[in-house]
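A look at the structure
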Amino acid sequence: EVGTVRGPGDSARGAGAGNGAAVDLRGFEVRVRKATAFTEVWSWTGGAGTGWSSDQVSVWAPAADSAGMAKASVRLCVGHYASTHGNPGKAKGVAAPRLTLELASSSSSFGLAGLGASERFAEAARAAMPHPRRYKLVWHAQLGQRPLYVWRPVAPSADYVALGFVATASEEE
């Protein structure tokens, strides 16, 4: 675990994904976690005289834990990572950790709460970490036959801040 953020007195109330509806976030906490598994989004291997400072560049997405609902936690991607050393989960000598956010139950009995627990967890996840409203193209490059598009997420409302950038190999948002 890299770090944990909790509301005052563990009684924080979410803004309800920007729609004005309050969501009770008591019993939940947001943790910063080190990403260990990645999926390649884009890669390029060049040669001498290309103008790039490296002859190998790739972009990776940390694996989001969509199966986390059963264990009362879910990890969410806060951006993609560029690398000149291949898969960041396997690269040696990478100075800074690659991070994700995790929404987790702070109650050990959450998984035994029965009917309604998964709906409450999903509602808390949408309130604490809603999806961006859309993405804005901020940069692109064409390297041989491999285009790269970099996008900035647009927060769903003024109540939120969008983190990181994401990359795609197509110009579709």
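Residues numbered from 1 in each chain as written. Predicted model: local features only at pLDDT ≥ 70, side-chain atom pairs only at ≥ 80, totals over all residues. Heavy atoms only, no water.

A closer look at a positive patch on the surface
On the surface, Arg133, Arg134, Lys136 and Arg152 cluster together to form a positively charged patch. Of note, Lys136 is situated in strand S10 (residues 134–143). (Patch = residues over 30% accessible without salt bridge, like charges linked within 9 Å, V, L, I, M, F, W, Y side chains within 5 Å. Areas by Shrake-Rupley, 256 points an atom, 1.4 Å probe, with all protein chains shown as cover. Salt bridge = Lys/Arg side-chain N within 4 Å of Asp/Glu carboxyl O. Lys, Arg positive; Asp, Glu negative; His and termini not counted. Charge placed at Lys NZ, Arg CZ, Asp CG, Glu CD. Helix = DSSP H or I, 4+ residues; strand = E, 2+ residues; numbered from the N terminus.)

Describing the sheet that holds strand S12 (residues 166–168)
Ordered by their spatial adjacency, three strands build an open sheet running S10-S11-S12, and the pairing between neighbours is antiparallel. Unpaired on one side and paired on the other, S10 and S12 mark the two borders of the sheet. The mean angle between the axes of side-by-side strands here comes to 25 degrees, regardless of whether they run parallel or antiparallel. (Pairing = 2+ DSSP bridges. Axes fitted to C-alpha atoms, helices over the stretch in contact; angles between N-to-C directions.)

Some words on the sheet that holds strand S5 (residues 38–45)
A sheet is described by the order of its strands in space; here three strands give the open sequence S5-S6-S8, paired in antiparallel fashion. Every other strand in the sheet has two partners, leaving S5 and strand S8 (81–83) as the edge strands with one partner each. Recorded for the sheet is a direction-independent mean angle of 20 degrees between the axes of neighbouring strands.

Regarding the packing of aromatic side chains
Here the structure, examined in full by the defined rule, presents one aromatic pair. Summarising the aromatic geometry, the rings of Phe38 and Tyr81 are spaced 6.4 Å apart at their centres and angled 85 degrees between planes, so their arrangement reads as edge-to-face. On the criterion of sequence distance, the pair formed by Phe38 in strand S5 and Tyr81 in strand S8 is long-range, its members being 43 residues apart. Residue Tyr81 is classed as buried on the basis of its relative accessible area, which comes to 17%. (Phe/Tyr/Trp six-rings, centres within 6.5 Å; stacked < 30°, edge-to-face > 60°. Buried < 20%, exposed > 50% of the residue type's maximum accessible area, 1.4 Å probe, protein only.)

Quick notes on a nonpolar patch on the surface
A cluster of nonpolar side chains, namely Val138, Trp139 and Phe165, defines an oily patch on the protein surface of about 280 Å² accessible area. Along the chain, Trp139 falls in strand S10. We classify Trp139 as partly exposed; its relative accessible area is 39%.

So, the environment of Arg152
By secondary structure assignment, the location of Arg152 is in strand S11 (residues 146–154). Taking the relative accessible area as the measure of exposure, Arg152 reaches 33% and is therefore partly exposed.

A few points about the pattern of salt bridges
For the structure shown, the criterion picks out four salt bridges. The shortest N-O distance in the salt bridge between Glu29 and Arg31 comes to 2.6 Å. Assessed through its relative accessible area of 4%, Glu29 is described here as buried. When its relative accessible area of 16% is taken as the criterion, Arg31 is described as buried. One network of salt bridges, in which partners are shared, links Glu29, Arg31, Arg33, Arg75 and Glu102.

A closer look at the nonpolar core
Within the largest apolar cluster, eleven residues are counted, these being Val23, Leu25, Phe28, Val74, Leu101, Leu103, Phe121, Ala124, Ala125, Ala127 and Met129. Elements with a contribution of two residues or more to this core: strand S9 (99–105) and helix H1 (117–128). Counting residues per element, this core draws most heavily on H1, at four residues. If sequence neighbours within four positions are ignored, Leu101 has contacts with Val30, Arg31, Val32, Val74, Arg75, Leu76, Val78, Met129 and Leu163. If you look at the next biggest cluster of nonpolar residues, it comprises eight residues, including Val57, Val59, Leu143 and Ala167. (Core = buried A, V, L, I, M, F, W, Y, C linked by side-chain atoms within 4.5 Å. Contact = heavy atoms within 4.5 Å.)

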